[in-house]
Amino acid sequence: MRFVLVLRRLRRRRRPYGGRWEAVRLSPVILTILIAALAFSTPREIAISRLLPAAPALAASMWPVLPTILLGTFCLLVMVGLSFVYTDLGTPYTAAAIVAVTLAAAYASHVRLRREEALFQIRLVADTAQKVLMRPLPSRLEGIEIESLYVAAQAQARIGGDFYEAAVTPYGVRLLLGDVRGKGLSAVGTASAVISSFREAAHDEPDLRGVIHRLETSMARHGAAFPSPDLPERFATALIAEIPHGGSHLRLLNCGHPPPLLVHHGKMCVLEPTAPSPPLNLAALIGDRYYIDTVAFAPGDQLLLYTDGVTETRDRAGDFFPLPDWMRRQGPAAPPGLLDRLHRDLLVFSGGRLDDDIAALAVRCPEHRALEHPA
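We now turn to the structure provided with this report. Please read all numbers here as calculations on a predicted model, not as lab measurements.

Conventions and cut-offs
- Starting afresh in each chain, residues are numbered from 1 along the sequence in its written order.
- Given that this is a predicted model, residues contribute local features only at a pLDDT of at least 70 and side-chain atom pairs are listed and counted only at 80 or more, while totals for whole chains, interfaces and linings are drawn from all residues.
- As a rule here, side-chain values come from all non-hydrogen atoms in the structure, and water together with hydrogens is ignored.
- Residue types Ala, Val, Leu, Ile, Met, Phe, Trp, Tyr and Cys, when buried and joined through side-chain atoms within 4.5 Å, form a set referred to as a nonpolar core.
- Partly exposed residues are those whose accessible area sits between 20% and 50% of the maximum for their type, while under 20% is buried and over 50% is exposed, using a 1.4 Å probe and protein chains only.
- Only DSSP runs of H or I with at least four residues qualify as helices, and only runs of E with at least two residues qualify as strands; both kinds are numbered from the N terminus onward.
- Pairs of residues are marked as contacts when any of their non-hydrogen atoms sit within 4.5 Å.
- Here the expected length of a helix is defined as 1.5 Å per residue gap, with one fewer gap than residues.
- Strands qualify as paired when DSSP identifies two bridges or more between them.
- Only the contacting stretch of a helix is used when fitting its axis, a line to C-alpha atoms as for every element, and angles between N-to-C directions run 0 to 180 degrees.
- By definition, a salt bridge exists where a carboxyl oxygen of Asp or Glu is found within 4 Å of a side-chain nitrogen of Lys or Arg.
- Within this analysis, patches are made of residues with over 30% relative accessible area and no salt bridge. Like charges are joined at 9 Å or less; nonpolar side chains (Val, Leu, Ile, Met, Phe, Trp, Tyr) at 5 Å or less.
- With residues, only the protein chains shown are counted as cover, and all accessible areas are computed by Shrake-Rupley using a 1.4 Å probe.

## Quick word on the nonpolar core
Where a protein is soluble and globular, its nonpolar side chains tend to be buried together.
Argument step 1. Counting residues in hydrophobic clusters, the biggest one holds 51 residues, and the most contacted among them are Leu215 and Phe297.
Argument step 2. With 8 residues, helix α7 (residues 185-204) is the largest single contributor of residues to this core.
Argument step 3. Excluding residues that lie within four positions of it along the chain, leucine 215 makes contacts with Leu176, Val194, Ser197, Phe198, Ile240 and Leu280.
Argument step 4. By size, the runner-up hydrophobic cluster in this structure holds 20 residues, among which are Val310, Phe321, Trp326 and Met327.

## Focus: the environment of histidine 203
Argument step 1. Along the chain, histidine 203 falls in helix α7.
Argument step 2. Along the chain, histidine 203 and proline 170 lie 33 residues apart, while their C-alpha atoms are 6.5 Å from each other.
Argument step 3. In contact with histidine 203, other than residues within four places in its own chain, are Ala167, Val168, Thr169, Pro170 and Tyr171.

## Digging into helix α12 (residues 335-350)
Argument step 1. For α12, spanning 16 residues, the distance from its first C-alpha to its last is 22 Å, which sits close to the expected 22 Å at 1.5 Å a residue.
Argument step 2. Note on α12: the residue one or two positions beyond its end, glycine 351, has a positive phi of about 70°.

## Examining the pairing of strand β7 (residues 261-264)
Argument step 1. Of the strand pairs in this sheet, β7 and strand β8 (residues 267-270) are connected by 4 bridges, and their pairing is antiparallel. Across the sheet, residue histidine 264 finds its bridge partner in β8, namely lysine 267.
Argument step 2. One ladder, built from 3 bridges, connects β7 with strand β10 (residues 302-306); its direction is antiparallel. Each residue of the ladder has a partner; that of leucine 261, found in β10, is leucine 304.

## Focus on the sheet that holds strand β1 (residues 140-141)
Argument step 1. Pairing is antiparallel across the open sheet formed by 6 strands, whose spatial order is β1-β2-β11-β10-β7-β8. Looking at which strands have only one partner, the edges of the open sheet turn out to be β1 and β8.
Argument step 2. Pairing of β1 with strand β2 (residues 144-151) involves 2 bridges; the strand directions are antiparallel. Note on β2: the bridge partner recorded for arginine 140 is glutamate 145.

## Considering the sheet that holds strand β4 (residues 172-180)
Argument step 1. One open sheet accounts for 5 strands, arranged β3-β4-β5-β6-β9; its pairing is antiparallel. In this open sheet, the two edge strands, each paired with only one partner strand, are β3 (162-169) and β9 (292-296). Taking the axes of each pair of neighbouring strands and ignoring which way they run, one obtains an average angle of 15° across the sheet.
Argument step 2. Its contacts with the sheet place helix α8 (residues 208-225) against β4, β5 (236-243), β6 (249-255) and β9, and it is angled at close to 150° to β5.

## A closer look at the pairing of β2
Argument step 1. Most of β2 is tucked away, with 7 of its 8 residues classed as buried.
Argument step 2. Hairpin remark: β1 followed by β2, antiparallel, with 2 residues in the connecting loop; positive phi at glutamate 142, about 55°.
Argument step 3. Inspection of the sheet shows β2 paired to strand β11 (residues 358-364) by 7 bridges, in the antiparallel sense. In the sheet register, isoleucine 146 faces β11, and the bridge partner there is valine 363.

## Structural notes on the pattern of salt bridges
Argument step 1. Enumeration over the complete set of coordinates arrives at 11 salt bridges.
Argument step 2. In this structure, the salt-bridge partner of aspartate 204 is arginine 214, at a minimum N-O distance of 3.5 Å. A residue pair is termed long-range when its members are at least 10 positions apart, and aspartate 204 in helix α7 and arginine 214 in helix α8 qualify at 10 residues.
Argument step 3. The shortest N-O distance in the salt bridge between aspartate 207 and arginine 209 comes to 3.4 Å.
Argument step 4. Under the relative-accessibility criterion, arginine 209 is labelled partly exposed at 35%.

## Observations concerning a nonpolar patch on the surface
Argument step 1. Taken together, the side chains of Leu26, Val29, Ile30 and Ile33 present a nonpolar region at the surface, about 360 Å² in accessible area.
Argument step 2. Among the structural elements, valine 29 can be located in helix α3 (residues 27-41).

## Points about unusual backbone geometry
Argument step 1. Backbone geometry at histidine 265 places phi at a positive 55°, although glycine is not the residue there.
Argument step 2. As for its position among the elements, histidine 265 is in the loop between β7 and β8.
Argument step 3. According to the relative accessible area criterion, histidine 265 is exposed, its value standing at 62%.
Argument step 4. A positive phi angle is found at asparagine 281, which is not glycine, with a value near 80°.
Argument step 5. Looking at the element boundaries, asparagine 281 is found in the loop between β8 and α9 (283-286).

Okay, structure coming up:
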């Protein structure tokens, strides 16, 4: 029963392939029928029947144990039937090969299903971990439209060093987007520590500098508690944006992160910081002076925050993705549509090969903003 449940889950996961996957699953039956037909219709000297053990061997790669054994039994019956037509076909040897291959195929199918079940459980844990680390954002926060995008560079990956978060606080809507240097579990742990700290500090600290100091402290404590060989070089770029309640502007604190893009009154501009602020965990080396920029954010304006995985996406010629030019070509769009286009165009530009994790937040101030103050 457990294996059947695993197969059902895997079948649901492979549903996007449609009829092609079903045709592949029937290939052992098609191969058996083809070999049997050729064996009965060709001269004995060709001995096509010796290929019958290939059918259960193929079935082991995609079928459960019982159907694999049943197919091997059918192949054995076909061989017995051939023995009545060709008495000197060497039936005992081929029959023994069918039995041996079928038993080995059944065991291989059993091992494969156990591994697929274990892999499925691991993916469930990874999906749960990602939802805890980067939980899905609501489509609106205090009337502000928002959408998130996260794409792992590795096809089997679920979580990485890029992170984002958004919260409605007593000081307005606050957004966080960042990128931990490095990959692997250590980067994931650091990202988790930063996000957890932001979820608390965003509600407690009236000034964005206080939020950054809290993130800096949390990252340092995490590094001390979980040391790693690259700890001296571990840092994170981060960008915090604050949209006050009912305000017509936003505040930005950029700690070494790629500058966001703002479409204001139909014109796109790159929001470079007026003065550099140090990335997280580097304040002790280059100073802890943080600078906040204030820019207009009127109804209809759109803001795009992103990690360097977007701008460092390359095409086959080695050129980087021209994000500012791409943003200028985009007309008015809801955040979900904008990020869908971005993801699609990144895949087209790179030929389907994304070499780095990608995280992005699209934020739009609607024409008629609904005010929703937190309790």
